Amino acid sequence: AELYPYPKQKTEYTGVPVQVDFQPVSHADQAQLKSEIGIPVKSRLVFVTGGGLGAARLNDAIVEIAPKLLGKHQDVYIVQSAGHANYKKLVSQYSELDQSIQQRIIVKDFITNLHAYSGAADIVVMRASATSMAEMAVQGKACILVPNPLLTGGHQTKNATAFAKEDAACVVAES
C-alpha cells in the first residue's frame with residue numbers, strides 16, 4: 001500500500017487477488033507437476049515468462065544464455081512462454097542450437113495453466129507485474145525479476161524493488 005500513494009480516504013487496501021490455482025507448492029507437488037508437464041522429476045527447471053503477450057527482449061536474452069547454461073548443467077531444462085507474436089521467432093532461434101540443448105528447451109506460445117509450469121519450476125524468470133509476483137509469492141517460488149522500465153509510472157520497477165528489499169527476489173535490469 002505504501003508503494004502507491006492513492007488517497008487514503010478513497011482507498012481500501014485488500015491485497016492482490018490471485019487465481020485459486022496458485023497455492024503453496026511442496027517438494028512433492030513440484031515433482032508431480034514436473035512429471036505432468038513432461039520434465040524429468042530430478043531435473044532443475046527454469047521457467048521463463050514475459051506475461052500473456054510475451055517479452056521479446058526477455059526471450060532474446062534467454063536464447064543468448066541458454067547454450068552456456070544448458071551446456072554447463074546437464075540436468076537443467078528451460079520452459080519458455082514466448083507469447084503468440086514471438087513464438088515462431090523463438091522456435092526458429094532455438095532450432096539453430098545443438099540438438100542436445102534443444103531437447104531440454106520447451107517453447108510455448110501461450111500457457112493457460114501457468115500455475116502448473118511455475119509450480120514445477122525451481123526458478124522463475126519474469127516481468128514484475130504485481131499479480132504475477134503475488135502468484136509466485138503464494139507458490140513460494142524463487143524469482144529473477146526483469147521489470148519493464150517503459151510501463152506507465154515505472155510500476156514494475158517499484159514492484160521489483162519492493163521484493164528485492166525484502167530479499168524475496170533478484171532483480172535484473174532489462175538492459
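This text gives an overview of the structure that appears in the document.

1. Looking at the nonpolar core
Line of reasoning, step 1. Counting residues in each nonpolar core, the largest one holds 22 residues, and the members touching the most others are Leu45, Phe47, Val124 and Leu145.
Line of reasoning, step 2. Residue contributions to this core peak at three residues, all from helix H5 (residues 114-120).
Line of reasoning, step 3. Setting aside anything within four residues of it in sequence, one finds Leu145 in contact with Met126, Arg127, Ala128, Met133, Ala160, Phe163, Ala169, Cys170, Val171 and Val172.
Line of reasoning, step 4. Leu70, Ile78, Ile101 and Val146 belong to the second largest nonpolar core, which has 19 residues in total.

2. Here's the deal with unusual backbone geometry
With glycine set apart, most residues show a phi of negative sign, and most peptide bonds adopt trans.
Line of reasoning, step 1. Even without being a glycine, Asp167 presents a positive backbone phi close to 55°.
Line of reasoning, step 2. Following the sequence through the fold, Asp167 ends up in the loop between helix H7 (155-165) and strand E6 (170-171).

3. Quick word on helix H2 (residues 56-72)
Helical periodicity: at 3.6 residues per turn, an α-helix aligns residues three or four positions apart in one direction.
Line of reasoning, step 1. Its 17 residues place the ends of H2 25 Å apart at the C-alpha level, agreeing with the 24 Å of an ideal helix rising 1.5 Å per residue.
Line of reasoning, step 2. Helix geometry: H2 is bent most strongly at Ile65, by close to 45°, with proline Pro67 lying one to four residues after it.
Line of reasoning, step 3. Turning to H2, its buried residues number three or more, namely Leu58, Asn59, Ile62, Val63, Ala66 and Leu70.

4. Quick notes on the pairing of strand E4 (residues 123-126)
Line of reasoning, step 1. With four bridges connecting them, strand E1 (residues 44-49) and E4 associate as parallel partners. Residue pairing for E4: Phe47 is matched across the bridge by Val124.
Line of reasoning, step 2. When E4 meets strand E5 (residues 143-145), the two strands line up parallel, connected through three bridges. Residue pairing across strands places Val125 opposite Ile144, the latter belonging to E5.
Line of reasoning, step 3. You can see the chain leave E4, run along helix H6 (residues 130-139) and come back into E5, and the turn it takes is right-handed.

5. A look at the pairing of strand E2 (residues 76-81)
Line of reasoning, step 1. Most of E2 sits inside the fold, with six of its six residues counted as buried.
Line of reasoning, step 2. Residues Val76, Ile78 and Gln80 point to one face of E2 and Tyr77, Val79 and Ser81 to the other, with burial holding for every one of them.
Line of reasoning, step 3. Note: E1 against E2, six bridges, orientation parallel. Among the inter-strand pairings, Phe47 is bridged to a residue of E2, identified as Val79.
Line of reasoning, step 4. Two strands pair when backbone bridges link them, and E2 and strand E3 (residues 105-108) are joined in this way by four bridges, in the parallel orientation. Note that in E3 the partner of Gln80 across the bridge is Val107.

6. Side note on the sheet that holds E5
Line of reasoning, step 1. An order of E3-E2-E1-E4-E5-E6 is seen for the six strands of this open sheet, with the pairing classed as parallel. At either margin of the open sheet sits one strand with a lone partner, and together these are E3 and E6.
Line of reasoning, step 2. The strands touched by H2 within the sheet are E1, E2, E3 and E4, with E2 carrying the most contacts at an inclination of about 170°.
Line of reasoning, step 3. The strands that helix H3 (residues 87-95) touches are E2 and E3; relative to E3, the one it contacts most, it runs at about 165°.

7. Quick notes on the environment of Glu174
Line of reasoning, step 1. Turning to its location among the elements, Glu174 is positioned in the segment after E6.
Line of reasoning, step 2. Each C-alpha atom of the pair Glu174 and Leu58 lies 7.6 Å from the other, and the pair is 116 residues apart in sequence.
Line of reasoning, step 3. If near-sequence neighbours (up to four positions away) are discounted, Glu174 is found in contact with Arg57, Arg127, Val146, Pro147, Asn148 and Pro149.
Line of reasoning, step 4. At a separation of 2.9 Å, a polar atom in the side chain of Glu174 contacts the side chain of Arg57.
Line of reasoning, step 5. Separated by 2.5 Å, the side chains of Glu174 and Arg127 make a polar contact.

Cut-offs used in this document
- Counting restarts for each chain, with residues numbered from 1 along the sequence as it is written.
- Confidence filtering applies because this is a predicted model: local features only for residues at pLDDT of at least 70, side-chain atom pairs given and counted only at 80 or more, and all residues used for totals across whole chains, interfaces and linings.
- For side-chain calculations, the full set of non-hydrogen atoms in the structure is used, while hydrogens and water are omitted.
- Take the buried Ala, Val, Leu, Ile, Met, Phe, Trp, Tyr and Cys residues and link them wherever side-chain atoms come within 4.5 Å; each set so joined is a nonpolar core.
- Three exposure classes are used, based on accessible area relative to the maximum for each residue type with a 1.4 Å probe and protein chains only: buried under 20%, partly exposed in between, and exposed over 50%.
- Runs of H or I in DSSP of at least four residues are treated as helices and runs of E of at least two as strands, each being numbered from the N terminus.
- Note on contacts: a residue pair qualifies if any of its non-hydrogen atoms lie within 4.5 Å across the two residues.
- Multiplying 1.5 Å by the residue count of a helix minus one yields the expected span of that helix.
- Here the bend at a residue is taken as the angle between two axes, fitted respectively to the seven residues that end there and the seven that start there.
- For two strands to count as paired, DSSP must find a minimum of two bridges between them.
- Whether a crossover is right-handed depends on one test, that the path from the first strand over the helix to the second runs clockwise when the strands point away from the viewer.
- For every element, the axis is a line fit to its C-alpha atoms; helices are fit only across the contacting stretch, and the angle between N-to-C directions ranges from 0 to 180 degrees.
- Nitrogen and oxygen atoms within 3.5 Å of one another constitute a polar contact, given that in protein one can donate a hydrogen and the other can accept it, and given that sequence-neighbouring residues count only through two side-chain atoms.

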